[in-house]
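One letter stands for each residue in the lines below.
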Amino acid sequence: MKKKKALIMLSILFIFLILTVVGRRFAPHDPYQSSLMDANRAPCAEYPLGTDNLGRCVLSRILEGATVSVYSALGVVAVVFSVGTLIGIVAGYGGGWLDQLLMKITVVFQAFPSFILAVAIAGMLGPGLKNAMLSLVVMYWTTYARLARSLVLQLKNETYIQAARICGAKKRQILFRHILPGILSPMLLTAVLDISNVILSMAGLSFLGLGVQAPMAEWGLMISNGKAFLQTAPWLILFPSLALFLTVILFNVTGDSLRDALNERGETDV
Amino acid sequence: MRLIKYSINKTGQLILIFLGITFLSFCLTYLAPSDPAEIQLNKTGVAPTEELLEKTREEMGLNRPFPVQYADWLKGILSGDMGTSLRNGKPVLDELRKALPVTLILTFFSMLVVTVLSVPLGIVCARFQDSFLDRTVRFITYLLASLPSFFLALLFLYLFSVKLRWFPVIASKNGSKGYIMPVLVLALSLSSWYIRQVRVVVLDELAKGYVAGERSRGVPEWQILFRHVLKNCMLPLLTLLGISFAGMLGGTTIVENIFSLQGLGKMAMDAISARDYPVIQAYVVWLALIFLAINFLIDLSYGWIDPRVRAGQEREA
Amino acid sequence: MFEVDGLQITYGKTEVVHRVSFGVKPGEIIGIVGESGSGKSTMLKGILGILDNPGQVTGGQIRYEGTDLLGLPRNRLRQLCGNELAMLSQHPELSLDPLWKTGKTYYETVRAHRKITKGQAEREAVEIMRLLRLENPERILNSYPFELSGGMCQRVALAIAIANRPRLLLADEPTSALDVTVQKQVIDTMLDLRKQFGTAIVIVSHNMGVIAAMADKVGVMKKGELVEWGSREQVLYHPEHLYTQKLIKAIPRMGRR
C-alpha cells in the first residue's frame, strides 16, 4: 500500500520534472519580450496570469523560470550528496586523524546559521546563479558528510562485513560491494527529503538578489521584483509564489511517501 | 565545584569553535573576486594604477602573510574593532552597534511567540492525537512549512498594510509597532516546524511509564501534561529550539529586508551590493556568535533541568 | 465491594481480554496468574482506565461499591484512582517521574485527594516508609528515582500507592523485576498492609509461587480468558484445567529438595 503510494508520487514527480523542461514550449508569449504598453496588466484572456512591470507575460516567465528554480536545487542536492557521501566514507572508513579533522571541520561549518553562511558566501562571491549554488553546497554538505560517516561506522561493525573482512576480502571490495550499497538508501532518502529545503533556500537567495540576475526568469527573483508593485499588481507575487509553494509541496509529499515506503514504522505526515 | 570544572571543559570546546568560526569568516574575504584596495581607490575617485594599488595594499595591510593578517583581525574583533567600512570609511562597529539590537529584539520576540504558540499547541495535539484539532494543526503546519517565509511576509504586508492599513509598509518608520509583523512572520514560519517537533516529542513521552503512573495515582491530567511531561520533554525541546535558531536567524535576513528593518540582515544586504567586505564579515561572525552563545546556554541548562545529566556531568568532570 | 463483570478489552482490532469476571471482598487477596501476554496486566490497566493508546475497554462492567467505573465521568474516576483504588506497577522506577524527587511525587499524590500541608505529608510519608521497613526515609524522600535501587523504588512506589489508605490495591507483577530476597520483603509488606489496614489486593503475576504465598483466591488467565477460579486450596491442590496443572508443576519447591 505504502509502496504503491510512493510509486504513484514518484511518477507524478517524474512527469512534473519533464514538464518543467518542456513547459516553456507551451508558453503563450516570449518570456523576455517586454512591451511597456502592457505593463502590470491584471490576469486576462491574453495574459492568463497577468504581466509584470515591463509588460512580460507572468505565465510564460513562470514556465521559463521553472527549469532554473527546480534544476538548480536538484544540481545542488546532487553535488552535496556526492561530496558529502565521499567525505563521510573517507572519514568513517578511513578513520584516524583524517576522520578527526574532517569531523572538526563539519562542526565548525555547522556552528554557523547555515542560511547566513550562504548569504555571506554568495555576497562575497558576488551575485549569480553559479555562486548561489556554490554557497548552498557549502550550506548543505555537512549533513551528508556526517550522516554518511555514521552510517559507515554502523555498517563497519555489522557481522557480515566483519565476516567478509575475516575471509580476506580487499578493502576496496568491501567498500564497493557492501558499504556503498548499504548506505545508499538512507542517504538517497535524506537527499530527496532535502530537495524542497534547497528549493526554498535557493528562492530565498534569489529573492535577496543573490541568485539569478535580471532579466532571467526565476521564481524567487520574480517575487522580489513584484514586491515594489504589491499594492497595484499583487499577482506578480502571488503566482510565482504559488508555483514555488506547489513545487515544494510536491517534493515534500513525495519524500514523505518514499520514507513511509522504506520505513514502515515512520510516522506519516498529514 | 565539579560543575564548574564541567563548565570549564565546555568553555574550552567553545573557544575552539569560536576560533573555527572566525577563521572561516576571515577566509571568506579571499572568495571576493575584487580587490579591496581597488574598491578603496575607486571610492576616492583615483584612477587605480599598479603602483597606487600596491601602495594601498601596503596601507591596508593586505601584503602581510596570511596568518599575521588573521591574528591581527582576530585581535581586532576581540577588542571590538571590526575594521572600517569600505563604503564610508567609518568603523564597522558603529554600524554593527545600530543593527545588532534590532536583530536581537526581532529574534527574541519571535522566539517568545514561537514558544508560547508551539509548546501548548504541540502538547494538546499530542494528548488528543488524531482528534480534529490535531489533524487540522498538522495539515496547516504542513502547508505552512512549504511556504517560503518571504511569501508569508509579503502576504502579511498585503493584508495588513495594503488592505487593512493597520501598519505602514515600511516597518522602521513605525517604532516598536513596526516589529509586530516581522515577529509574527518569523514566528509563524518557525512554529510550523516546531509545533510538529513538540508533538512528536510529547507523543513519545506520553507513552512512558510515569504518565500511566501519575494517572493511576489520580493526578489531574493538566498537571501531568504541564508539570511532568513538559518538564521531561524540556531537553529535546530545548535542543530542537537551539537548532531552529539557525533558521530563525536566517529568516531575520529576509524579513528585515522586506520590512526595511535596519538590522544585521539589512546591513549585510546593503553591504553586499556595495561590496563592503568587512561589513559582510562582521555580519556572518556576529550571527554565528549569537547562535553559538544560545546553544552554549542551552547546553548548560541541561544539567539545571535534569538531575541525571547533572550527575553525568559531575562524573565526566 | 469490587466486581469485574464480563470485561472485554481490545487493542486496535484484536480482543485481548475476553469477558473476564471476578469479585473482591474487603481485605481479600486475589491472585491472578498467567504467562506474559495472557492479558492480565492489560486487564489491570483497563480497570483504572490507563490503557496505552490503541487499547480500549469494549464491554462489561467494573463495579466499585455498586457503581460502574466505566460509566463514571473522568474526574470522578480520577478522584478514586490513587485514593480508594491504588495501583502498583511492574516497573516502579518507571512509574515515578524521573525528574521529581520521590518526596515531591508523594506529596503530589496525597495533595490530589485531600488538603494537606507539605510538612504533614512528609511526616506521613516517613511513617509509612518506616512501616515498609525502609531505612532513612528522609534521605529517600529527598532522592530522585535514579538514585535508588529497584527494590527501594518498588517500596517507595508502594508507599505512594498506599499513601491515601486505599481499600483496594492492584499490583501488576510487583515482584518480577526484583531479585529473590527483595521479592520476599515486598510480599511480606503487602501481607502486613492487609493486616494493618484491611486493604484488599489484586495481584497479578506469572509466578505461581508468589501467588501461592499470598492469595486467598486464585484465578488463572490464558489467552485473555479466565480459565480457572477458586480458593487457593482448590486451585493449588485440585486444579481443573490442564494449563493450571502445568503452572503448578513449574513452582520451584521451596524448602524441599
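Residues numbered from 1 in each chain as written. Chains lettered and ligands numbered in written order. Predicted model: local features only at pLDDT ≥ 70, side-chain atom pairs only at ≥ 80, totals over all residues. Heavy atoms only, no water.

(A) Fine view of the overall build of chain C. In terms of regular secondary structure, chain C is built from 11 helices and 10 strands. By the compact-globule yardstick of 18 Å for 257 residues, chain C fits well, its C-alpha radius of gyration being 18 Å. Principal axes of the C-alpha set define a box for chain C whose edges measure 55 × 50 × 30 Å. Looking at chain C as a whole, 54% of its 257 residues are labelled buried. Intrachain contacts of chain C at a sequence separation of at least 6 include 65% that bridge at least 24 residues. Accessible surface, chain C: about 11900 Å² in total, of which carbon and sulfur atoms supply 49%. With 34 positive and 28 negative side-chain charges, chain C shows a spacing of 1 Å between the two charge centroids. (Helix = DSSP H or I, 4+ residues; strand = E, 2+ residues; numbered from the N terminus. Rg over C-alpha atoms; globule rule 2.2 N^0.38 Å. Buried < 20%, exposed > 50% of the residue type's maximum accessible area, 1.4 Å probe, protein only. Contact = heavy atoms within 4.5 Å. Areas by Shrake-Rupley, 256 points an atom, 1.4 Å probe, with all protein chains shown as cover. Lys, Arg positive; Asp, Glu negative; His and termini not counted. Charge placed at Lys NZ, Arg CZ, Asp CG, Glu CD.)

(B) Spotlight on the overall build of chain B. Tallying secondary structure elements over chain B gives 13 helices and 0 strands in all. Counting from the amino terminus, helix and strand elements in chain B follow one another as α-α-α-α-α-α-α-α-α-α-α-α-α. Taking the principal axes of its C-alpha atoms as reference, chain B extends roughly 85 × 60 × 30 Å. Considering chain B as a whole, with its 317 residues, one finds that 53% of them fall into the buried category. Carbon and sulfur atoms make up 67% of the accessible area of chain B, which totals about 14400 Å².

(C) View of helix H3 (residues 96-110) of chain A. With 15 residues, H3 of chain A should cover 21 Å at 1.5 Å per step; its first-to-last C-alpha distance of 21 Å lies within 8% of that length. Listed as buried for H3 of chain A are Asp99, Leu102, Met103, Thr106, Val108 and Phe109 of chain A. (Expected span 1.5 Å × (residues − 1).)

(D) Highlighting the pairing of strand S3 (residues 29-33) of chain C. All names here are of chain C. Of all 5 residues that make up S3, 5 are buried, and the element is covered over most of its length. Every second residue of S3 is oriented toward a common face, with Ile29, Gly31 and Val33 on one face and Ile30 and Ile32 on the other, all of them buried. As judged from the 5 bridges shared by S3 and strand S8 (residues 200-205), these two strands associate in the parallel manner. Counted as the bridge partner of Gly31 is Ile203 from S8. Direction of pairing for S3 relative to strand S9 (residues 217-222): parallel, over a ladder of 4 bridges. (Pairing = 2+ DSSP bridges.)

(E) Highlighting the nonpolar core. Within the largest apolar cluster, 165 residues are counted, with the highest numbers of intra-cluster contacts made by Val119, Leu136, Ile179 and Ile183 of chain A together with Ile258, Tyr283 and Val284 of chain B. Within the second largest apolar cluster, 52 residues are counted, among which are Ala125, Met129, Ile203 and Met214 of chain C. (Core = buried A, V, L, I, M, F, W, Y, C linked by side-chain atoms within 4.5 Å.)

(F) Just the pattern of salt bridges, in detail. Considering all chains together, one arrives at 25 salt bridges over all chains under this definition. The salt bridge involving Arg56 of chain A is made with Asp52 of chain A; its shortest N-O contact spans 3.0 Å. When its relative accessible area of 9% is taken as the criterion, Asp52 of chain A is described as buried. Of the charged contacts in the structure, one is a salt bridge between Glu173 of chain C and Lys40 of chain C, with a shortest N-O distance of 3.2 Å. Of this pair, Glu173 of chain C sits in the loop between strand S7 (168-172) and helix H8 (180-197) while Lys40 of chain C sits in helix H1 (residues 40-48), and the two are 133 residues apart along the sequence. Across this residue pair, the class does not change: Glu173 of chain C and Lys40 of chain C are buried. Linked through salt bridges whose partners overlap, the residues forming this network are Asp130, Asp134, Arg138 and Arg199 of chain B. (Salt bridge = Lys/Arg side-chain N within 4 Å of Asp/Glu carboxyl O.)

(G) Molecular detail of the sheet that holds S3 of chain C. Residues and elements named next belong to chain C. The sheet built from 6 strands is open, its strands ordered S6-S7-S8-S3-S9-S10 with mixed pairing. For this open sheet the edge positions go to strand S6 (85-88) and strand S10 (225-231), each flanked by a neighbour on one side alone. Across the sheet, the mean angle from the axis of one strand to that of its neighbour is 15°, orientation sign disregarded. As defined by bridge partners, S9 adjoins S10 across 6 bridges and the pair is classed as antiparallel. By the bridge assignment for S10, Val220 is matched with Glu228. Strands S3, S6, S7, S8 and S9 of the sheet are contacted by H1, whose axis makes an angle of about 145° with S7. (Axes fitted to C-alpha atoms, helices over the stretch in contact; angles between N-to-C directions.)

(H) Representation of the interface of chain B and chain C. Facing 24 residues of chain B, the contacting portion of chain C comprises 25 residues. On the chain B side of the contact with chain C, Ser216, Arg217 and Arg308 of chain B bury the most area, a combined 30% of that side's loss. Counting the contacts that link chain B with chain C gives 0 salt bridges. Taken together, the connections running from chain B to chain C amount to 10 residue pairs in polar contact (both at pLDDT 80 or more). Looking at the side of chain B that touches chain C, the elements with two or more residues in it are helix H9 (209-216), helix H10 (221-259) and helix H13 (307-316) of chain B. Counting residues per element, the side of chain B that touches chain C draws most heavily on H9 of chain B, which supplies 7 residues. Grouping the constituent residues of the side of chain B that touches chain C by class yields 7 nonpolar, 8 polar and 9 charged. (Buried area = accessible area lost by both parts, 1.4 Å probe. Polar contact = N/O pair within 3.5 Å; in protein donor to acceptor, adjacent residues only side chain to side chain. Nonpolar A, V, L, I, M, F, W, Y, C, P; charged D, E, K, R; others polar.)

Functional significance is not addressed by these values, which are geometric in nature.
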